[in-house]
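Reading the structure
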Amino acid sequence: PLPKLAATDPTAKALAYAEDATKVKHAAFKPGSSCANCNFFKGAKGAASGPCTLFPKNSVVSKGWCSAWAKKP
Ligand code: SF4
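Residues numbered from 1 in each chain as written. Predicted model: local features only at pLDDT ≥ 70, side-chain atom pairs only at ≥ 80, totals over all residues. Heavy atoms only, no water.

1. Section: the overall build of the chain
Within the chain, the regular secondary structure consists of one helix and two strands. Here the chain has a C-alpha radius of gyration of 11 Å; the compact-globule value for 73 residues is 11 Å, and the two agree. Judged by the C-alpha coordinates and their principal axes, the chain covers about 30 × 25 × 15 Å. Looking at the chain residue by residue over its 73 residues, the buried ones come to 32%. A separation threshold of at least 6 residues defines the contact pool for the chain, and within that pool the share at least 24 residues apart is 65%. Carbon and sulfur atoms make up 63% of the accessible area of the chain, which amounts to about 4700 Å² in all. (Helix = DSSP H or I, 4+ residues; strand = E, 2+ residues; numbered from the N terminus. Rg over C-alpha atoms; globule rule 2.2 N^0.38 Å. Buried < 20%, exposed > 50% of the residue type's maximum accessible area, 1.4 Å probe, protein only. Contact = heavy atoms within 4.5 Å. Areas by Shrake-Rupley, 256 points an atom, 1.4 Å probe, with all protein chains shown as cover.)

2. A few points about the side chain of Ser34
With respect to the helices, strands and loops of the structure, Ser34 is situated in the loop between helix H1 (10–14) and strand S1 (49–52). For Ser34, a relative accessible area of 13% corresponds to the buried category.

3. Digging into the pattern of salt bridges
Within the structure shown, the criterion is met by two salt bridges. The shortest N-O distance in the salt bridge between Lys4 and Glu19 comes to 3.4 Å. On the criterion of sequence distance, the pair formed by Lys4 in the segment before H1 and Glu19 in the loop between H1 and S1 is long-range, its members being 15 residues apart. On the basis of relative accessibility, which here comes to 38%, the residue Glu19 falls in the partly exposed class. As a salt-bridge pair, Lys23 and Asp20 come within 3.5 Å of each other at their nearest N and O atoms. The class for Lys23 is exposed, based on a relative accessible area of 63%. For Asp20, a relative accessible area of 29% translates into the label partly exposed. (Salt bridge = Lys/Arg side-chain N within 4 Å of Asp/Glu carboxyl O.)

4. What to know about the site of the ligand
Taken together, the residues surrounding the ligand are Tyr17, Cys35, Cys38, Phe40, Phe41, Cys52, Phe55, Val60, Cys66 and Trp69. Class assignment of the residues belonging to the shell around the ligand gives a composition of 10 nonpolar, no polar and no charged. (Near = heavy atom within 4 Å. Nonpolar A, V, L, I, M, F, W, Y, C, P; charged D, E, K, R; others polar.)

5. Notes on the pairing of S1
Both S1 and strand S2 (residues 55–61) contribute to a ladder of four bridges, which runs antiparallel. Looking across to S2, one finds that Gly50 is bridged to Val60. In textbook terms, the turn of a hairpin is the stretch between consecutive antiparallel strands, and for S1 and S2 this stretch comprises two residues. (Pairing = 2+ DSSP bridges.)

Here it is in structure tokens:
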């Protein structure tokens, strides 16, 4: 599996990535959004973490969030 994305990663920082979406205070944050329901999340349904298109070298946590979040259609 891919190494877990670190909050210190420059792109993670730029996109305000956080591992706990429930604690996010960001202008772009929509209640209920998280990696699990993001269009860029490629992990298995119900998995605790998985790949994200925006972070090809890492895995992101399902309960995480970043400002590039886009609703899974
Ligand atoms: Fe999570 Fe989506 Fe951001 Fe990837 S793009 S880190 S899946 S919110």
